[in-house]
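Listed below, chain by chain, are the residues.
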Amino acid sequence: MKKLRLLFLSLFIIGLISSPVLFGQVNGDYRTIASSNWSNIANWQTFSGGWGAAVSFPTGTAGNTITIQAANIIKVDVVLGNIQGYILNQGGLSFAATQTTSGNALSGTNTITLSAPNASIVAGQTVRNNVTGSIPSGTTVLAYDGATTLTLSQNITATIPDATTLTFSNLMTFKSGSTYEHALAGGNIPLGVWETGSTCLVTGTTGATPGGTEQNFYNFTWNCPNQSTILNLGWGINYPITIGGNYSVLNTKTNTTQIRLTTGTPANSININGSYLVDGLTTYATTSGSGGAATINIGGNITVTNGGVFSMSNSSSFIATINLAGNLSAVSSSFLKSTDVNASKLVFNSSGVPQTIDFTTAVATSGGLNFEVSNGSKVTLLSDVPISTSGSIKLTNGNLWLGTYNLIIGAGASLVGNSTNYVVFDAAGDGSVRLPIPVGTSPVLFPVGTATNYTPLTITYTTAPTTAGKLILKKVTPDMIGSDVTPALNDGGYSLTRRSDQYWSYTNSTIGGTYSLSIDGSSSQTGIDDPSNLRVIHSAD
């Protein structure tokens, strides 16, 4: 039998956890009256029309606040959920540096060695939790400077009994460069302080999401080759969630077995400060698959590679708004989709920083892929971009630059712009815009122009076509600067001395009907100073 070694250290964290300023108590609020353990009920008061003795210690309830009063220091000696959002810390919190396990009592005393003198997992170290069963109550996790890889597993660590599982009772601190790997099919991810550069890696999940996912992480990676069903992380349901680094989905077993961020309508925000990464033929990542709505803020890029699937929404009744500050890239036979065809959208909102879209190498799209450019700058195509049935591109505060590529709006999809937010052709006239032409007589607007001038084109059928088709528009000439008319032309006393050198080339695949094409000559078109005296002339060139 190993000797039981106890390590009594405390890590004092002053002001670690905070919440919004209170504007008055509500029934169910808690406050401390002295320094003590969290589990000491006599140390707590609750509010019910006034302050009185508590009958239990707080565990966190939506809408209520837990106040650590000034000069009080509370030692967390019980297992708590992710209750950071409920705590107003005016005093201090103390977390035991030793990590005590709990579970069914077994014979013997066992010591589990983790890492680092301050009970932290340090850079380069990995804790791999793949133990099954239970560990004796009172087993203590001791801290030391250990090997670079620390695996908790009964088959290689003799100090853990057969058929045991690891359960953390208090916070752990994961330092920059460290990794916690959850290799269990079930169990709980330990509640932790996940410092910048740390990673939570989930690899063992099969048919149930592990506990402990609704907390703030730095990097969070899902790589579960034995996942057997659709799962969700439950983010934003009870607490605001911030992923300080990247959210990565590397394996969900198949490209139809999903991992979802949340479910229903979460009451709190979901923020990914880094990038959203989906990689591999056996991956499917989405926001949700149930009715509701959520806003997901992504500070980096969305990158889908090597056949991965990313869905904005996987329910016809779930509305996802994804605010993207970085670039959108789906390459190498990847797949973008959205089951909600009405309101889910990806908004480019970088606040003045140019962004890009790259759908290189046979990217498939389906459903209501709705994109909005609202970054006060531009989004540039790095490949052809197809928008399929029921999708849209809406330009509300920024332009879409074609470069040398083609914007392909499919039947039933739409392109919306105006005189300040439109599709920009480059000076050489490369790239094209394709819009669907339905059977009908409603005008179809191409909100297009150059870097300096808005030069829209409208097709109007006076007699409806018998078969719907598409019109592909290309700008063949340089910008709207124009050239002199030599000699000048006279039209009823009005002298024509300049002309535009810009013209359009188009192909129209509709069958039947009669139509007219018009270039807007109103004052809303930049480059035209006197619309009332605009003339159409014929030139041999």
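Reading guide: rules and limits
Residues numbered from 1 in each chain as written. Predicted model: local features only at pLDDT ≥ 70, side-chain atom pairs only at ≥ 80, totals over all residues. Heavy atoms only, no water. Pairing = 2+ DSSP bridges. Helix = DSSP H or I, 4+ residues; strand = E, 2+ residues; numbered from the N terminus. Axes fitted to C-alpha atoms, helices over the stretch in contact; angles between N-to-C directions. Patch = residues over 30% accessible without salt bridge, like charges linked within 9 Å, V, L, I, M, F, W, Y side chains within 5 Å. Areas by Shrake-Rupley, 256 points an atom, 1.4 Å probe, with all protein chains shown as cover. Salt bridge = Lys/Arg side-chain N within 4 Å of Asp/Glu carboxyl O. Buried < 20%, exposed > 50% of the residue type's maximum accessible area, 1.4 Å probe, protein only. Phe/Tyr/Trp six-rings, centres within 6.5 Å; stacked < 30°, edge-to-face > 60°.

**Student:** Just checking my understanding: could you explain the sheet that holds strand β48 (residues 457-463) for this structure?
**Tutor:** In a beta sheet, neighbouring strands pair by backbone hydrogen bonds and run either parallel or antiparallel. Strand order in this open sheet of three strands is β46-β48-β53, and the pairing throughout is antiparallel. Each edge of the open sheet is held by one strand with a lone partner, namely β46 (444-446) and β53 (514-519). Here the strands of the sheet are splayed against their neighbours by 20 degrees on average, with no regard to which way each runs. Note that β48 and β53 share six bridges and pair antiparallel. Looking at β53, one finds that T463 is bridged to T514.

**Student:** What am I meant to see in a nonpolar patch on the surface here?
**Tutor:** A cluster of nonpolar side chains, namely Y506, Y515 and L517, defines an oily patch on the protein surface of about 240 Å² accessible area. Residue classification places L517 among the partly exposed residues on the basis of a relative accessible area of 31%.

**Student:** Sorry if this is basic, but what is going on with the packing of aromatic side chains here?
**Tutor:** Two numbers describe a pair of aromatic rings. These are the distance of the centres and the angle of the planes. Applying the stated criterion across every chain, the model contains 13 aromatic pairs. For the ring pair W235 and Y247, a centre distance of 5.4 Å and an interplane angle of 65 degrees mean the geometry is edge-to-face. Of this pair, W235 sits in the loop between β21 (231-232) and β22 (241-243) while Y247 sits in strand β23 (residues 247-251), placing them twelve residues apart in sequence. Looking at W235, the relative accessible area reads 0%, which means it is buried. Here the aromatic rings of Y276 and F310 are separated by 5.1 Å at their centres, their planes lie at 70 degrees, and the arrangement is edge-to-face. Here Y276 is found in strand β26 (residues 276-279), whereas its partner F310 is found in strand β30 (residues 309-311), with 34 residues between them in sequence. When its relative accessible area of 2% is taken as the criterion, F310 is described as buried. Members of the aromatic cluster, joined through ring pairs, are W194, F217, F220, W235, Y247, Y276 and F310.

**Student:** Hey, could you run me through the pairing of strand β31 (residues 318-324) in this one?
**Tutor:** For a regular strand, side-chain orientation follows a simple rule: the groups alternate between the two sheet faces. Most of β31 sits inside the fold, with six of its seven residues counted as buried. In this structure, strand β28 (residues 292-298) lies alongside β31, joined through seven bridges in parallel fashion. Looking at the pairing, I298 lines up with L324 of β31. Direction of pairing for β31 relative to strand β34 (residues 345-348): parallel, over a ladder of four bridges. Note that in β34 the partner of L324 across the bridge is F348.

**Student:** Mind showing me how you'd approach the pairing of strand β20 (residues 219-223) here?
**Tutor:** Taking burial as the measure, the five residues of β20 include four buried ones, the bulk of the element. Here four bridges tie strand β19 (residues 199-202) to β20, and the two strands are oriented parallel to one another. Looking at the pairing, L201 lines up with T221 of β20. Across four bridges, β20 lies against β23 in parallel orientation. By the bridge assignment for β23, N223 is matched with N251.

**Student:** Which parts of the structure should I look at to understand the sheet that holds strand β25 (residues 270-272)?
**Tutor:** One open sheet accounts for eight strands, arranged β22-β25-β28-β31-β34-β37-β40-β43; its pairing is parallel. Each edge of the open sheet is held by one strand with a lone partner, namely β22 and β43 (414-416). The average angle at which neighbouring strand axes cross in this sheet is 15 degrees, direction not considered. Pairing of strand β40 (residues 392-395) with β43 involves three bridges; the strand directions are parallel. Along β43, the bridge assignment pairs I393 with L415.

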